[in-house]
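Now for the letters of each chain:
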There are 2 protein chains.
Amino acid sequence: MPPSPAWVQKLKPASPQGTDLLSQERAKSNVNVDQLAEFLFTKEALERKDRILKILSSEPVFDKSKNYYQGREDRILQSLARGKRLEQLSQTHKWTEDDFHQANQLLSEATPLGMHYRMFTPTIREQGTPEQHKLFLEKANRFEIIGCYAQTELGHGSNVRGLETTATWNPEDKTFTINSPSLTASKWWIGSLGKVANHAVVMAQLVLNGKTLGPHPFIVPIRDMKTHEPLENVHVGDIGPKFGFNTMDNGFLLLNKVKVPHVNMLARFSRVDPETSKYIRPPTPALVYGTLTYVRSTIVLEAGSVLARGVTIATRYCAIRKQFQDLDAKASEVEENQVLNYTMVQFRLLPLLAATFALHFTGRNMITLYEENQKRLAAADSPPSSDSKRRPGPEELTPGTDLLADLHSTSCALKALSSTVAAEGLEVCRRACGGHGYSSFSGIGSYYADYLPTVTWEGDNYMLTQQVARYLLKSARAVLSGKAANNDTTRFLRVFLKRQDVGAAFDVLGSDQELVDAFAWRVAYLTFDALKKRDEEKQPWNSLLVDFYRLSTAHAQYMVVKSFKDALDSGATTSGLGSETVGVLHTLFKLFALHTLEKESSEFFSSAATTIKQIALARKQVMKLLEEVRPHAVRLVDAWKFPDWQLDSSLGKYDGSVYEDMFFRTSLNPLNEVVFDSNPNSPNLLKQDNRAKSKL
Amino acid sequence: MPPSPAWVQKLKPASPQGTDLLSQERAKSNVNVDQLAEFLFTKEALERKDRILKILSSEPVFDKSKNYYQGREDRILQSLARGKRLEQLSQTHKWTEDDFHQANQLLSEATPLGMHYRMFTPTIREQGTPEQHKLFLEKANRFEIIGCYAQTELGHGSNVRGLETTATWNPEDKTFTINSPSLTASKWWIGSLGKVANHAVVMAQLVLNGKTLGPHPFIVPIRDMKTHEPLENVHVGDIGPKFGFNTMDNGFLLLNKVKVPHVNMLARFSRVDPETSKYIRPPTPALVYGTLTYVRSTIVLEAGSVLARGVTIATRYCAIRKQFQDLDAKASEVEENQVLNYTMVQFRLLPLLAATFALHFTGRNMITLYEENQKRLAAADSPPSSDSKRRPGPEELTPGTDLLADLHSTSCALKALSSTVAAEGLEVCRRACGGHGYSSFSGIGSYYADYLPTVTWEGDNYMLTQQVARYLLKSARAVLSGKAANNDTTRFLRVFLKRQDVGAAFDVLGSDQELVDAFAWRVAYLTFDALKKRDEEKQPWNSLLVDFYRLSTAHAQYMVVKSFKDALDSGATTSGLGSETVGVLHTLFKLFALHTLEKESSEFFSSAATTIKQIALARKQVMKLLEEVRPHAVRLVDAWKFPDWQLDSSLGKYDGSVYEDMFFRTSLNPLNEVVFDSNPNSPNLLKQDNRAKSKL
């Protein structure tokens, strides 16, 4: 677009200016932003962020300003270029895994090389033998081979046992024949497979002597190492456009009786003896718990930060945006009201602000529990690993499976709740920005679209709740039979059994501990209710799925509320955070807990955890807490320390120059380089085209 | 992509085939699809759909298969070509307004010419004088001028009174000077303004003799009629990419003291006398009610069909998709279960199926009420208009404003509820499709993204609820003072007052009428509760916004439940629908009402509309109703009669060939024409590029 005429360049937004409004907001609160940020992330992590940001933001390839204009092809090629540059920078600067992760967070888009790091190399590392490490892992680390992890099929999602792809052992030449027997057997959704990978770890049903032994991982070459064209009998490509995540080449793969040598079956656990053609079983099928638990814990931690992005943008913009006067305002007050002052906006936004901290503390707690458990296992079982950053292999998790079962169930419940809260919360934030929330320059829409798969992958959020219910029912049976181990779950189940006839009478408004106890009571009530339906009334499993979903949600909410309180009780007070900041965090805790209680009031009420009167009072108290949090809102989101470069949002700019930035971006819009021919009877679409012809 | 190799072409999906599964589904139910469709839409409308579909689907310009690959520029130019072709076809085939609307529905995308029809010409028609019709409307109808409606500004959304753009009267030369005094005064979000329009109706503050008289409409030329370049002192362009709706050129507009002649102020209502420079006021400021009421009624009607699209796709796919076995299944049953058999899926999907009918009947009811009211006004006031399809001008609505106030409040409440239910329901449908719901080929994602603005425009859904609350509070005050008119609202408010101490004791499970009454009771309870807070406790308006939102939602839910029941009581039984079909509709009615009651149980309970016991029973009953609806699900969505061409969805295909279609579409993917160079150390992104070079 040609430069704006002089009269346009002179225009400013009407007063008050966004920058002034945000300064006033920051002046109103004593929350210590830097201390709080260090408490949340550690000084080291904040310094890392600054260091990596400097590198990325000075590289032209990472310029985000064209992201929204490109078609699918240009967009993914752009992202490939970024992925390549990240790898080069990683080599140049000798980035650690944390550095590399931080760079990806700041970039905020998946590159088509991503699954090589996230799935291909870890799978070989964890499931390969030393020989296979030498043969595949070392090359993968040097990018001599580029890979992906191919499990899901066109006709088969979460249910791994339903996979159709077969790997049949041929004793005569000691190979496996990998085959796709039908169209629905096609691998589908596989990240980095569509265009980028030349190898795939293919999960296939192992067939040995005519018997099917379940899914196992095989390394299959799929593209020519020189030409990158598909190999013979391999049909592979990109599955097409998606609601988001369009910088990734999710792919499909059909294999027509492709032979791979014996060594290509990853054999650290199960394997086929090449001489006897016998199958050697893994020690226990529960092995996979550990790794999945870790992945889900990181999803919980990430959910807080995903949501915080949206909350940061919406909170800043709602402090700047003015609309209408308060209906009670005197006629003399002509000034419009900051949108953040409306209770309806506060009611939508501030509980989400509280949720960002709640999820962060919960995620951190999960990871600590996981690491402690790992240490305990390692101490009991083997010398501790020298490489502490490495994702632990499942075999380290064999002993102490009871504790692991608890952690596993917890991670399922929390993964389901936290990713749902984050995804739906982002959309609430987008709408809280009013009309401009719909602009790509809000920075929320595409991020939301990219995040959405998280509610489905690593265990569909609805499916997972069945595992949680199964664990709670098992615990309840153990408690009833007097054989239960001692842990927090069995503790609150016992409390409920003891007190259920006496009644609960929790002082949810007066005592933090009793507020948390009320959440536990509700879980116990729902658990025994479901147990009665299942064990006494013999109701079919399928008829109870909705109850199980509610039970799992209740359990997750209890754990989040508890983690939030624990974080305040232990960490916050001893960390050097000022008492004012701790006080505001405490207000957020109460807001989160009481808002959740109110939202789920019918369960609190029917379980007799609270009286109806208390719920009405909780509703009132929530409105009061919103008022208390309101002046601190901008500083609280500041503590999340998202750089403008990361948010890439006009509405969420740190300095409040919202309208200037919205306007500036129109000058980068390639659509403003052309002149349309809009006459319906003219065959032309353009009258003039001033676009630079070069693309990429 | 080169044709698939022969071995790929031979592959079929694993059995059972989707086509067989859908045939079985259709065989299981006696719902008469064609009768039901005629009852919903009329025979005439269904024939229209067939006729227009034949025309559109045979025109290459409307081929949808490239939609998801194009960048912003190509996409909007493609849509411009479609908009032009629609206009040409409209002229050739002499389409009525209904025909044209149907064509747009089938196309399912906004074209950049859209606002010319939807906003520019109607505004001139309704707000222009006969002289202005001659000067502007006739040209607009012949596309000699192309226009848009420019109200919203960068810094000002819903609050029209806050607009900054001024139109100052110059008595000396009988012109108006239109000016944008700041950056935030820039018109923003204006459809068809960015690239297509050469004229705009600009809403600007009329300034007369130094006094500001509020916003008025002015016709402003903005682009040269020959070159289509912006005129001098006009800065105009496209505002940039959005979450959806990217086939529309939403634009910005800054005006630097642009003069327009006196005749360019649309003067059917308010006007400036050019000789005396005096302002002539409109008869009453409530005039605008009528048109907005009509627009909102159409949004309610449309909400049913928007949601039905998602429900159609998800229901068909969930009947085809199989995953896991029931946990209670015997070991011998190896077959996976249809996803639609899981109660958790039914619980998410089938109440939405019920909601599609509920919203449809409610919207139809709204439009009937509106039309009846129009007729009554016309009969009382003036000879009936010969052009019954025309949107009525606001002046026809002057008398009988009380009835209109009721209709207005109803339309606000229902617009807010129905568009929220449709938008959020679409996302529930998308997720119910599991992983494949995320593919663009689900057909839900982009439709959802395009629909989202509806929750914000024509009155933000949260803002609107204040108007509903204001009306209900006013009605309650009138009832208390004994001065209330007789209508349904005052009726149920009186019932509540009379019976509140005695109690309600509605038999929500045994009687349809009492079920509806329970919804009314809840509204009355919330109304008097809010009234007490406002009038007795003198609570600030702002502190009650959350209560008002709840109140409005409750009111809307009551009206939807009531409309659904009314439709069954009157229309369905007399329309020749078979009793089996009516029976299934009745089951849907109960499912919708009881599911809503359960979801909002805390309000039903605290208002004493129901006992806790009843809510527990309602929950049980919902599960039973899901089971009853289940076998009819596919036939019920069939009755919505969406052609495959309209849905453009692999998952929602009528014949169930889901996987074949997903796979076929990979062959149309331009990304599969190129070969990537994925080596991080190679400077190239492509090894080979087989794409056809021509675009568009």
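Residues numbered from 1 in each chain as written. Chains lettered and ligands numbered in written order. Predicted model: local features only at pLDDT ≥ 70, side-chain atom pairs only at ≥ 80, totals over all residues. Heavy atoms only, no water.

## Quick notes on the pairing of strand S9 (residues 258-261) of chain B
All names here are of chain B.
1) Next: Residues of S9 alternate between two faces, with Val258 and Val260 buried on one and Lys259 and Pro261 left unburied on the opposite face.
2) Next: In this sheet, S9 lies alongside strand S3 (residues 175-179) in antiparallel orientation, the contact comprising 4 bridges. Residue pairing across strands places threonine 177 opposite lysine 259, the latter belonging to S9. (Buried < 20%, exposed > 50% of the residue type's maximum accessible area, 1.4 Å probe, protein only. Helix = DSSP H or I, 4+ residues; strand = E, 2+ residues; numbered from the N terminus. Pairing = 2+ DSSP bridges.)

## Focus: unusual backbone geometry
1) Next: A:Pro16 follows A:Ser15 through a cis peptide bond whose omega is -5°.
2) Next: Within the secondary structure, A:Pro16 is located in the loop between helix H1 (6-9) and helix H2 (18-27).
3) Next: Phi is positive for A:Ala608, which is not a glycine, with a value near 60°.
4) Next: Along the chain, A:Ala608 turns up in the loop between helix H18 (601-606) and helix H19 (612-629).
5) Next: Of note, the phi angle at B:Ala505 is positive, near 55°, even though the residue is not glycine.
6) Next: For B:Ala505, the location among the structural elements is in the loop between helix H14 (488-499) and helix H15 (512-536).
7) Next: Relative accessible area serves as the criterion here: at 68%, B:Ala505 is assigned to the exposed category.

## A short note on the interface of chain B and chain A
1) Next: Listed per partner, the contact involves 145 residues of chain B and 145 residues of chain A.
2) Next: When chain B packs against chain A, close to 12600 Å² is buried across both sides, 62% of that on carbon and sulfur atoms.
3) Next: Inspection of the region where chain B meets chain A yields 4 salt bridges.
4) Next: Across the contact surface, chain B and chain A share 51 residue pairs in polar contact (both at pLDDT 80 or more).
5) Next: The dominant element in the side of chain B that touches chain A, judged by the number of residues it contributes, is helix H5 (residues 72-92) of chain B, at 10 residues.
6) Next: Taken together, the residues that form the side of chain B that touches chain A break down as 65 nonpolar, 48 polar and 32 charged. (Contact = heavy atoms within 4.5 Å. Buried area = accessible area lost by both parts, 1.4 Å probe. Salt bridge = Lys/Arg side-chain N within 4 Å of Asp/Glu carboxyl O. Polar contact = N/O pair within 3.5 Å; in protein donor to acceptor, adjacent residues only side chain to side chain. Nonpolar A, V, L, I, M, F, W, Y, C, P; charged D, E, K, R; others polar.)

## Focus on the pairing of strand S6 (residues 211-221) of chain B
Within a regular strand, the side chains alternate between the two sheet faces.
Residues and elements named next belong to chain B.
1) Next: Looking at chain direction, strand S5 (residues 199-208) and S6 are connected through 9 bridges and run antiparallel. Bridged to valine 201 within S6 is isoleucine 219.
2) Next: In this structure, the hairpin formed by S5 and S6 is closed by a connection of 2 residues, where asparagine 209 is found at a positive phi of approximately 50°.

## A short note on the relation of the copies chain B and chain A
1) Next: Once chain B has been moved 0.0 Å along the axis and rotated by 180°, it coincides with chain A to within an RMSD of 0.0 Å. Look at the turn and shift together and you get a two-fold axis relating the two. Judged by C-alpha distance, B:Gly71 is the residue of chain B that lies nearest the rotation axis, at 1.7 Å.
2) Next: Both copies contact each other with a shared surface, as 100% of the interface residues of chain B are interface residues in chain A too. (Least-squares fit on C-alpha atoms with pLDDT ≥ 70 in both.)

## Quick look at helix H7 (residues 114-127) of chain A
1) Next: With 14 residues, H7(A) ought to run about 20 Å at 1.5 Å a step, and its terminal C-alpha atoms sit 19 Å apart, in line with that.
2) Next: Here H7(A) has its buried residues at A:Gly114, A:Met115, A:His116, A:Phe120, A:Thr121, A:Pro122, A:Thr123, A:Ile124 and A:Glu126. (Expected span 1.5 Å × (residues − 1).)

## Examining the side chain of B:Thr489
1) Next: Along the chain, the position of B:Thr489 falls in helix H14.
2) Next: Filtering out sequence-adjacent residues up to four positions away, B:Thr489 remains in contact with B:Asp406, B:Tyr471, B:Leu472, B:Ser475 and B:His555.

## Digging into the domain arrangement of chain A
Where interface size is quoted, it is often the accessible area lost as the parts come together.
All names here are of chain A.
1) Next: Domain boundaries assigned for chain A yield domain 1 (29-109), domain 2 (145-282) and domain 3 (292-325 + 336-379 + 398-485 + 503-637).
2) Next: Taken over C-alpha atoms, the centre of domain 1 sits 28 Å from the centre of domain 3.
3) Next: Counting residues at the interface gives 14 residues for domain 1 and 27 residues for domain 3.
4) Next: It is Val31, Phe39 and Tyr68 that lose the most area in domain 1 upon contact with domain 3, and together they represent 38% of the buried surface on that side. (Domains from an automatic or database assignment.)

## Digging into the state of the cysteines
Working definition of a disulfide: a covalent bond connecting the sulfur atoms of two cysteines.
1) Next: Scanning the entire structure with this criterion turns up 0 disulfides over all chains.
2) Next: In this model A:Cys433 remains outside any disulfide bridge; the closest cysteine sulfur is found in A:Cys318, 5.5 Å from its own. (Disulfide = S-S within 2.5 Å.)

## Some points on the sheet that holds strand S8 (residues 251-255) of chain B
Residues and elements named next belong to chain B.
1) Next: With antiparallel pairing, 3 strands are arranged side by side in an open sheet as S4-S8-S7. Only two strands of the sheet have a single partner each, and these edge strands are strand S4 (187-190) and strand S7 (234-238). Taking each pair of neighbouring strands and ignoring which way they run, the sheet shows an average axis angle of 15°.
2) Next: Judged from the 2 bridges that link them, S4 and S8 form a sheet pairing that is antiparallel. In the sheet register, isoleucine 190 faces S8, and the bridge partner there is glycine 251. (Axes fitted to C-alpha atoms, helices over the stretch in contact; angles between N-to-C directions.)

## Considering the pattern of salt bridges
Residue and element names in this part refer to chain A.
1) Next: The final tally for this structure, using the stated rule, is 73 salt bridges over all chains.
2) Next: For the salt bridge of lysine 532 with glutamate 537, the shortest nitrogen-to-oxygen distance reads 3.9 Å.
3) Next: A relative accessible area of 40% means that glutamate 537 is categorised as partly exposed.
4) Next: A salt bridge links lysine 533 to aspartate 547; the nearest nitrogen and oxygen atoms lie 2.8 Å apart.

## Quick notes on the packing of helix H5 (residues 72-93) of chain A against helix H6 (residues 97-107) of chain A
Residues and elements named next belong to chain A.
1) Next: Running from N to C, H5 and H6 point in directions that differ by 150°, and their axes come no closer than 11 Å. The orientation of H5 with respect to H6, classified from their angle, is roughly antiparallel. Classified by chirality, the crossing of H6 by H5 is right-handed. Contacts between H5 and H6 involve Arg82, Leu86 and Ser90 from the former and Phe100, Ala103, Asn104 and Leu107 from the latter.
2) Next: Per-class residue counts for the contact of H5 with H6 are 4 nonpolar, 2 polar and 1 charged. (Parallel < 35°, antiparallel > 145°, perpendicular 65-115°, else oblique. Left-handed = near helix turned anticlockwise from the far one by under 90°.)

## Quick look at the environment of A:Val658
Residues and elements named next belong to chain A.
1) Next: The topology assignment puts valine 658 in helix H22 (residues 658-666).
2) Next: Residue classification places valine 658 among the buried positions, given a relative accessible area of 0%.
3) Next: Along the sequence, valine 658 and glutamine 17 sit 641 residues apart, while their C-alpha atoms lie 9.3 Å from each other.

## Re helix H13 (residues 461-480) of chain A
Residues and elements named next belong to chain A.
1) Next: Helix length check: H13, at 20 residues, gives a terminal C-alpha distance of 29 Å against a target of 28 Å (1.5 Å per residue), a fit within 8%.
2) Next: Among all positions of H13, only Asn461, Leu464, Thr465, Gln466, Val468, Ala469, Tyr471, Leu472, Leu473, Ser475, Ala476 and Val479 are buried.
3) Next: A side-chain oxygen of the first residue of H13 lies 2.8 Å from the backbone nitrogen of tyrosine 462; this N-cap is aspartate 460.
4) Next: Residue glycine 482 follows H13 closely and has a positive phi angle near 75°.

## Digging into the packing of aromatic side chains
1) Next: Under the counting rule described, the total for this entry stands at 58 aromatic pairs over all chains.
2) Next: Ring geometry for A:Phe243 against B:Tyr448: centres 6.3 Å apart, planes inclined by 55°, an arrangement best described as tilted. Taken together, the positions of A:Phe243 in the loop between strand S7 (234-238) and strand S8 (251-255) and B:Tyr448 in helix H12 (residues 445-451) put the pair across two chains. You'll find A:Phe243 and B:Tyr448 in the same group, each marked buried.
3) Next: On the numbers, 4.9 Å between centres and 55° between planes, the contact of B:Trp169 with B:Phe176 is tilted.
4) Next: Residue classification places B:Trp169 among the buried residues on the basis of a relative accessible area of 4%. (Phe/Tyr/Trp six-rings, centres within 6.5 Å; stacked < 30°, edge-to-face > 60°.)

## Re the environment of B:Val560
Residues and elements named next belong to chain B.
1) Next: Its place among the elements puts valine 560 in helix H16 (residues 545-574).
2) Next: Taking the C-alpha atoms as reference points, valine 560 and phenylalanine 361, 199 residues apart in sequence, are found 8.0 Å from one another.
3) Next: The residues contacting valine 560, other than those within four sequence positions of it, are Ala358, Thr362, Leu414, Leu417 and Phe592.

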